[in-house]
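Residues per chain are reported as follows:
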Amino acid sequence: MTKRQFMEQVTGKLKELHSESDYEISCDVFTKNNDTPRYGIVIQKAGEAISPTIYVDNYFKDYVDKKMTLTEVAEQIIAVLQNVRKHASKYESFSVEYDSCKPNIVYRLISFEKNKRLLQEVPYIPFLNLAVTFSIVCSLSEQGLESLRITNDLKDKWQVTTGELVRLAEENTPRLFPPQVDSMENVLFTYLGLEKGMFPENTEYGPLLIVTNESGVNGASVLLYQDVIHDIAEKYGKNLYVLPSSVHEIIVVPNENSGSLKELSKMVKDINKKHVSEEEILSDNAYYYDREKRKFLY
C-alpha cells in the first residue's frame, strides 16, 4: 500500500465514523519545505470556518508495522482533532487583510534548488543559492511559532509588490525574532548538560559560533539581518566561514583562509545527508564572508 492509498482509506474510515452532514472530510498532498510531500486529511465541521489538517505520515509507519489498524488510526485522528479544533478556535477572528498583517510579515531562508515547485507558488527573491520567502506570523509563544505562508494569490489580493514585502520583512523579522549568537561550547553546556571544557573552544578552523534567533525557529534567516554577520567578523577581526546547520541555525567560524571552503561544503553535504531531516536542510554549501567587501562567496 502506498502512503496516498493509506491516506485515502483513512479518509474513507473517517467518513464512516462521521456523517457527511456534520463534517466535510477530504485529503490531499501538501508541499512543505524542500518540496517535501506531507499527506494530510482536512476536516471541517459544518458551520465553522476553521478546517484543521491532520497529517498521516507517522500513522502510516505504525499501520505498515501492524501497530495500528485503520480504525484505530481514524479514532486517534478524531482524538487529535478535538485538541486541534480547540487550539485553532482562537484564530476564528484572524484576518488576512493587508493592513492587519503588515506588522507580522517576516521572511525566511530556504533552498532554491530544493524548492522549485514551491517557488512557483510564492513571491520570493534570490539570495546566494537560496531563496527568501515571506510569511505572516499568526502566533509566537513558548509553545512555538505558527505562521501562514504568503502565496502569489495572497500577494495579488493585497495588490502589493515583492519589494514591499521585502521592506516590511526587513523591519519586522529582526524585531519579532531578535538574533542570538553563542559559542558551541556554551550551547552544549546549556542544552546537553556537558561540562565546560569537554568541547574544545577552537577547532582547526577556528571558534564555532551558533547563530540563530531567540525562538530557535527558522533562525538561519539571521543571515539576512543587517550587520549581524558583519559585526561578528569585526569583533574577531577576521573573515568568516558560514555553515548552514539547518533552516533553524547557522554555524559561523572566524577564519581568514578561504581555501577550506570546498572541504567544508563537502562536510556540510555529508552531515545533511546523514543527520538532518529533508524538510530542515537549508543548503549543501558552506559560505565565506569577506568583511572588507561585505560580500558572501560560495
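In what follows, the structure referred to is the one given above.
Keep in mind that what you see is a predicted model, and the values were worked out from it rather than measured.

So, about the overall build of the chain. When you go through the chain residue by residue, the secondary structure sums to 9 helices and 13 strands. The buried share among the 298 residues of the chain stands at 42%. Once local pairs closer than 6 in sequence are excluded, the contacts in the chain between residues at least 24 apart make up 60%. In the form shown here, the chain has an accessible surface area of approximately 16400 Å², with 47% of it arising from carbon and sulfur atoms.

What follows is about the nonpolar core. Core analysis: the largest hydrophobic core is formed by 40 residues, its most contacted members being Trp158 and Val252. In terms of residue count, the dominant contributor to this core is strand S6 (residues 130–141) (5 residues). Beyond its immediate sequence surroundings of up to four residues, Trp158 is in contact with Val96, Glu97, Tyr98, Cys101, Ile105, Ile136, Ile150 and Leu165. By size, the runner-up hydrophobic cluster in this structure holds 20 residues, among which are Tyr39, Met68, Leu70 and Ile77.

Turning next to the packing of aromatic side chains. Both the distance between ring centres and the angle between the ring planes are used here to describe each pair of aromatic rings. Taken as a whole and assessed by the stated rule, the structure comprises 10 aromatic pairs. Where Tyr98 meets Trp158, the ring centres are 5.2 Å apart and the plane angle is 50°; that geometry is what we call tilted. Taken together, the residues span a long stretch of sequence, with Tyr98 in helix H4 (residues 98–101) and Trp158 in helix H5 (residues 152–158) at a distance of 60 residues. Here Tyr98 and Trp158 have matching classes, each one buried.

This part is about the side chain of Ser265. If you trace the backbone, Ser265 turns up in helix H9 (residues 261–275). When near neighbours in sequence (up to four residues on either side) are disregarded, Ser265 contacts Asp284, Asn285 and Ala286.

According to the stated counting rule, one finds 13 salt bridges in the structure shown. Residue Asp57 pairs with Arg38 through a salt bridge whose shortest N-O separation is 3.3 Å. Linking Asp57 in helix H2 (residues 57–64) with Arg38 in strand S2 (residues 36–45), this pair joins segments that are 19 residues apart in sequence. Its relative accessible area of 13% is what places Asp57 among the buried residues. Of the charged contacts, one joins Asp227 and Arg294 as a salt bridge, the two residues approaching to 2.7 Å between their closest N and O atoms. Of this pair, Asp227 sits in the loop between strand S9 (209–213) and helix H8 (228–236) while Arg294 sits in the loop between strand S12 (287–290) and strand S13 (295–297), placing them 67 residues apart in sequence. Several salt bridges converge on common partners, so that one network encompasses Lys3, Arg38, Asp57 and Glu279.

Of the two faces of S12, the one carrying Tyr287 and Tyr289 and the one carrying Tyr288 and Asp290 are both buried. Relative to S12, strand S10 (residues 240–246) runs antiparallel, the two sharing 3 bridges. Following the sheet pairing, Leu240 is matched in S12 by Tyr289. Two strands pair when backbone bridges link them, and S12 and S13 are joined in this way by 3 bridges, in the antiparallel orientation. Of the residues in S13, the one forming a bridge with Tyr289 is Phe296. Hairpin geometry of S12 and S13 is characterised by an intervening segment of 4 residues between the two adjacent antiparallel strands and by a positive phi of about 50° at Arg294.

What follows is about the environment of Leu176. As for its position among the elements, Leu176 is in helix H6 (residues 162–176). Overall, the relative accessible area of 21% leaves Leu176 in the partly exposed class. Spatially, the C-alpha atoms of Leu176 and Leu140 are 8.6 Å apart, while their sequence positions differ by 36 residues. Leaving out residues up to four positions away in the same chain, Leu176 has contacts with Pro103, Asn104, Val106, Val137 and Leu140.

Spatially, S8-S9-S11-S10-S12-S13 is the arrangement adopted by the 6 strands of the open sheet, whose pairing is antiparallel. Of all strands in the sheet, those with a lone pairing partner are strand S8 (179–183) and S13, marking the two edges. Looking at each pair of strands side by side, their axes are set apart by 30° on average, direction ignored. In this sheet, S9 lies alongside S8 in antiparallel orientation, the contact comprising 5 bridges. When the sheet's bridge partners are listed, Pro179 is paired in S9 with Asn213.

Bringing the sheet that holds S2 into the picture now. Read from one edge of the open sheet, 3 strands run S1-S2-S3, paired in antiparallel fashion. Sheet topology places strand S1 (23–32) and strand S3 (53–55) at the edges, where each strand pairs with a single neighbour. Strand-to-strand twist across the sheet, computed as the mean angle between neighbouring axes with direction ignored, equals 30°. As paired elements, S1 and S2 share 10 bridges and run antiparallel to each other. Bridge pairing in S2 places Ser26 opposite Val42. Relative to the sheet, helix H1 (residues 3–17) contacts S1 and S2, its axis offset from that of S1 by approximately 160°.

Reading the values: the criteria
Residues numbered from 1 in each chain as written. Predicted model: local features only at pLDDT ≥ 70, side-chain atom pairs only at ≥ 80, totals over all residues. Heavy atoms only, no water. Helix = DSSP H or I, 4+ residues; strand = E, 2+ residues; numbered from the N terminus. Buried < 20%, exposed > 50% of the residue type's maximum accessible area, 1.4 Å probe, protein only. Contact = heavy atoms within 4.5 Å. Areas by Shrake-Rupley, 256 points an atom, 1.4 Å probe, with all protein chains shown as cover. Core = buried A, V, L, I, M, F, W, Y, C linked by side-chain atoms within 4.5 Å. Phe/Tyr/Trp six-rings, centres within 6.5 Å; stacked < 30°, edge-to-face > 60°. Salt bridge = Lys/Arg side-chain N within 4 Å of Asp/Glu carboxyl O. Pairing = 2+ DSSP bridges. Axes fitted to C-alpha atoms, helices over the stretch in contact; angles between N-to-C directions.

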